[in-house]
Amino acid sequence: MLSMARSSKPPKRQWDVLDVFRAAGRFALDAALPPLCPACRDPIAEPGGLCPACWARLSFIAPPYCERLGIPFAYDPGRGIPSMEAIADPPAYRRARAAVRYDEVARRLVHALKFGDRFDLAPTLGRWMALAGEALLAEAHGLVPVPLHWRRLWARRFNQSAALANAISRASPIPVAHTALARVKATAQQVGLTRAERAVNVQGAFRVPEGSRAAVEGRRLVLVDDVLTTGATIDACARVLLRAGAAQVDVLVFARVVDAPHALI
Ligand SMILES: [Zn+2]
């Protein structure tokens, strides 16, 4: 590097060298600063956790909940009793479990993982998910992350579902079938769409590639995603896996939207 700097002709890729120095400086600065809570950015004592205030506000989902959808019940209606939603509109998947309710703290954590380059959150969130999905994982052959379309993956460089699946795999240890599902249609963002529009939006968006059929046929699979909202995307994925011969499809997410009226059922 030094000999290059001394030569009469400036090195062609000098900016790369400067970038390395900048990155090293940033790393030294990061190491000197106290770790920050990923949800509120207050300093915390140990890296890899939340500050006490955010921790207290994070709402972990525990039984009693709907056996099918994993929606928490306000009171225990008895073991195996499904929610009204599960009866009225049964999903393609068998069971869904989530670590936490999708509230403000959960939203910030997902956002930090997805867009804030906080890849280091994946192991912690994955551990919580592995606990929430213990019963599902006990029967599973493989984890299937919900794929991004290659264009979105290229833009974001990171599939949060794949990172969470890797983290769950390290905690469980169920292997990740990264190529079991492919996203063949670039869909519009689901945000702001109605339930019916979301279902239409993801129609035909996923398929099992020919070379991945063996990883799906006769297998008990757990779909992994960051957030479960209406379930349109995850339901489309489950349908495609079942059509390709999966023996069973369960769903494990970090956070799920729980409407207040549903929680009171
Ligand atoms: Zn905090």
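First, a word on scope: everything that follows refers to the structure included in this document. (Residues numbered from 1 in each chain as written. Predicted model: local features only at pLDDT ≥ 70, side-chain atom pairs only at ≥ 80, totals over all residues. Heavy atoms only, no water.)

**So, helix α5 (residues 104-115)**
This is how the line gets drawn: Helix numbering and strand numbering both begin at the N terminus, where a helix is a DSSP run of H or I of at least 4 residues and a strand a DSSP run of E of at least 2. A helix's residues, less one, multiplied by 1.5 Å, set its expected span. Residue exposure (1.4 Å probe, protein chains only): buried if accessible area is under 20% of the type maximum, exposed if over 50%, otherwise partly exposed. Note that the arc is computed from the directions linking the helix axis to the C-beta atoms. Contacts were defined at the residue level, with two residues in contact if any of their heavy atoms lie within 4.5 Å.
Along its twelve residues, α5 runs 16 Å from first to last C-alpha, staying within 8% of the 16 Å computed at 1.5 Å per residue. Of all the residues in α5, the buried ones are V105, A106, L109, V110, A112 and L113. An end-on view of α5 places all buried positions within 160° of arc, on one side of the element. Where α5 is buried, its residues contact α3 (52-57), β1 (96-101), α6 (122-132), α9 (160-171), β5 (220-228) and β6 (248-256). Looking one or two places after α5, you find D117, whose phi comes out positive at around 60°.

**Regarding the pairing of β6**
Here is the rule: DSSP-based pairing: two strands are paired if at least 2 bridges between them are found. Handedness of a crossover is defined as follows: orient the strands so they point away from the viewer, and if the path from the first strand over the helix to the second runs clockwise, the crossover is right-handed.
With nine of nine residues buried, β6 lies mostly within the body of the structure. Sheet topology places β1 next to β6; five bridges connect them, and they run parallel. Within the sheet, the bridge partner assigned to R97 lies in β6 and is L252. Note that β5 and β6 share eight bridges and pair parallel. Note that in β6 the partner of L223 across the bridge is V251. A crossover connection joins β5 to the parallel β6 through helix α11 (residues 232-243); in handedness this β-α-β unit is right-handed.

**Topic: unusual backbone geometry**
Cis geometry is found at the peptide bond from P63 to P64, where omega equals 5°. In this model, S172 is joined to P173 through a cis peptide bond whose omega is -10°. The residue R41 is not glycine, and still its phi comes out positive at about 65°. Tracing the chain through its elements places R41 in the loop between α2 (14-32) and α3.

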